[in-house]
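Each chain is listed here by its residues.
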Amino acid sequence: MFTINDTFYSKLDVAKQQAAYLDYDLLNQQHAIAVCVEDNFIWLTLCFYLKSRKISAMPIHSGIPLDNAKKMAEKAGCGLLIYKDLTQMISLKSAVKKLSENHSIHAGIIQMSSGTTGEPKCILRSWADIDIEIDSYCRAFTAANSMTPVIACPVTHSYGLICGVMVALARDKMPKIITSINPKYLIKVLKNCDKPLLYSSPVMLQGLAKLWPKGDNLFAAMTSGSTMSGPVFEQIQLNVKHLYQQYGCSEAGCISISQHPKAANDLGVPLPHVQLEASHDINQPTEIIAHIETASGLKTIHTQDTGFINQNGDLHFVARLDDTIIVSGLNVYPNEIENIILTHPQITDCVVFKVSDTIAGQRIALQYVAMPEVEPAAIRAWCSQHLATFQVPQMVQPVKQVERMANSKVNRKQLAIAFNALPA
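Residues numbered from 1 in each chain as written. Predicted model: local features only at pLDDT ≥ 70, side-chain atom pairs only at ≥ 80, totals over all residues. Heavy atoms only, no water.

The name an unreviewed UniProt entry assigns to the chain is AMP-binding protein, from the organism Catenovulum adriaticum. Taken directly from UniProt, the Sequence similarities (unreviewed entry) text for the chain runs: "Belongs to the ATP-dependent AMP-binding enzyme family." (UniProt positions renumbered as here; feature names shortened; annotations may be inferred.)

Structure (structure tokens):
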């Protein structure tokens, strides 16, 4: 049915484990359960079991301390927290012991938003809506039917769980789930697969590209989560025969897939169950709005991302609405600035974000990693030659590394807070 690293689990193994869950009274009395376990076999079998019982499941990263896990679970309205393993089932204050019809209909996956633009919030997507997404994903992405899915990203997150594991099982394929972060081990697995399709992040793909045997290409890879810079996209594209990129959000799941991305911000066409609204003018991007077919009707989701649809119908990402910087009435998009700065021969990574200013309103700040080191004055001078005047960062700071979240995204709002807290 699936493998986790080197261990194979058959349908019988899964069925036996799920049969054991019938004996846990606490488990079967809840409407929503938080699961914070290290063993992905336990998580996946629990997830499938709760889905079959129309009980909501909230995955929590296994590294979260108990007190925080409890708070997250209670905030989401879960009645039970399974912590570390099945021996620790903790009843919570928010427990709702009896299932109601309303709970059963709306039961699904509960996830926390990334919090890149504000406080993380609980998002529930019903099992029925997830089934619609899986069916739509399979119909849109038929090239993967002959490939072996290799999931090297967390299966507690929608990308790895739904688009990786659940879609693979719906195609009657056996997903290979990799939890080791050792890139050499991952390369070994991929080299031993027939037509592997790797589900991973841009950061992982970039790392693999550096280690992948010269003269050979990875057969196929899907990426999601954060937009690559132009140079990183070009580097990865050279090392992957079939590169795919998907786009989505916590509220909607996968929205679109690019099966032949021509640029780092090419997000492709919407899945069959999605209709998109966005500007058709590359010079005037607008918010991307998705109308999603759900079990309860059409649902409109404002993504808070800006973008445009080109003449071929491909969606392109430009920036998060909250990340856009207004300078003298002109929009400055961090990704555009970063792509240009990354062409500097000594800069290996960078991030652009806005900081508040009592006089100008907003100013552009830049953090960069350079090898060998480059003085901020030299970077400012270089930017003045390669950027429009209104795009040149006023505040420039060299750093050892750009702070990123676990999913490789940058939290520009948090970076701005930390930047403002620095001594003048």
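After that view of the structure, there is still more to cover.
> Give me the lowdown on unusual backbone geometry, citing residues and values where you can.
Here Met371 and Pro372 are connected by a cis peptide whose omega angle stands at -5°. By the secondary structure assignment, Pro372 is in the loop between β23 (361-370) and α12 (376-386). At Asn5, a residue that is not glycine, the phi angle is positive and equals roughly 55°. Along the chain, the position of Asn5 falls in the loop between β1 (2-4) and β2 (7-9). In this structure, Gln304 takes a positive phi of about 65° despite not being glycine. Within the secondary structure layout, Gln304 lies in strand β18 (residues 297-309). (Helix = DSSP H or I, 4+ residues; strand = E, 2+ residues; numbered from the N terminus.)

> Before we move on, can you summarise the packing of aromatic side chains with the specific residues and values?
In the structure shown here, the tally under the stated rule is nine aromatic pairs. Ring plane angle 70° and centroid distance 4.8 Å describe the contact between Phe141 and Tyr244, whose orientation is recorded as edge-to-face. Note that Phe141 is positioned in the loop between α6 (127-140) and β9 (148-151) and Tyr244 in strand β13 (residues 240-249), a separation of 103 residues in sequence. Note on accessibility: Phe141 and Tyr244 belong to one class, buried. Clustering of aromatic rings is evident, with ring pairs tying together Phe2, Tyr9 and Phe41. (Phe/Tyr/Trp six-rings, centres within 6.5 Å; stacked < 30°, edge-to-face > 60°. Buried < 20%, exposed > 50% of the residue type's maximum accessible area, 1.4 Å probe, protein only.)

> Quick one: what's the story with the pattern of salt bridges, residue by residue and with numbers?
For the coordinates displayed, the defined rule picks out nine salt bridges. Note that Arg412 and Asp323 form a salt bridge whose closest N and O atoms lie 3.3 Å from each other. Remark: Asp323 occurs in the loop between β19 (315-320) and β20 (325-327) and Arg412 occurs in helix α13 (residues 412-420); sequence separation between them is 89 residues. The burial state of Arg412 is the same as that of Asp323; both residues are buried. Between Glu338 and Arg412 there is a salt bridge, with its nearest N and O atoms 2.6 Å apart. Of this pair, Glu338 sits in helix α11 (residues 334-341) while Arg412 is found in helix α13, placing the two residues 74 residues apart along the sequence. Accessibility classification places Glu338 together with Arg412 in one group, the buried group. Taken together, the shared-partner salt bridges in this structure form one network comprising Asp323, Glu338 and Arg412. (Salt bridge = Lys/Arg side-chain N within 4 Å of Asp/Glu carboxyl O.)

> Explain the sheet that holds β23 to me, and be specific about the residues and the numbers.
A sheet is described by the order of its strands in space; here three strands give the open sequence β22-β23-β24, paired in mixed fashion. Two strands in the sheet have a free side with no partner beyond their single neighbour: β22 (347-357) and β24 (395-398). Taken pair by pair, the neighbouring strands of this sheet meet at an average axis angle of 20°, ignoring direction. When β23 meets β24, the two strands line up parallel, connected through four bridges. Each residue of the ladder has a partner; that of Leu366, found in β24, is Val396. Running over the sheet, α12 touches β22, β23 and β24 and is turned about 130° from β24. (Pairing = 2+ DSSP bridges. Axes fitted to C-alpha atoms, helices over the stretch in contact; angles between N-to-C directions. Contact = heavy atoms within 4.5 Å.)

> Which residues make up the environment of Met204, and what values do they have?
Examined against the element boundaries, Met204 turns out to sit in helix α9 (residues 202-211). Put simply, Met204 and Val165 are 39 residues apart on the chain and 18 Å apart in space, counted from C-alpha to C-alpha.

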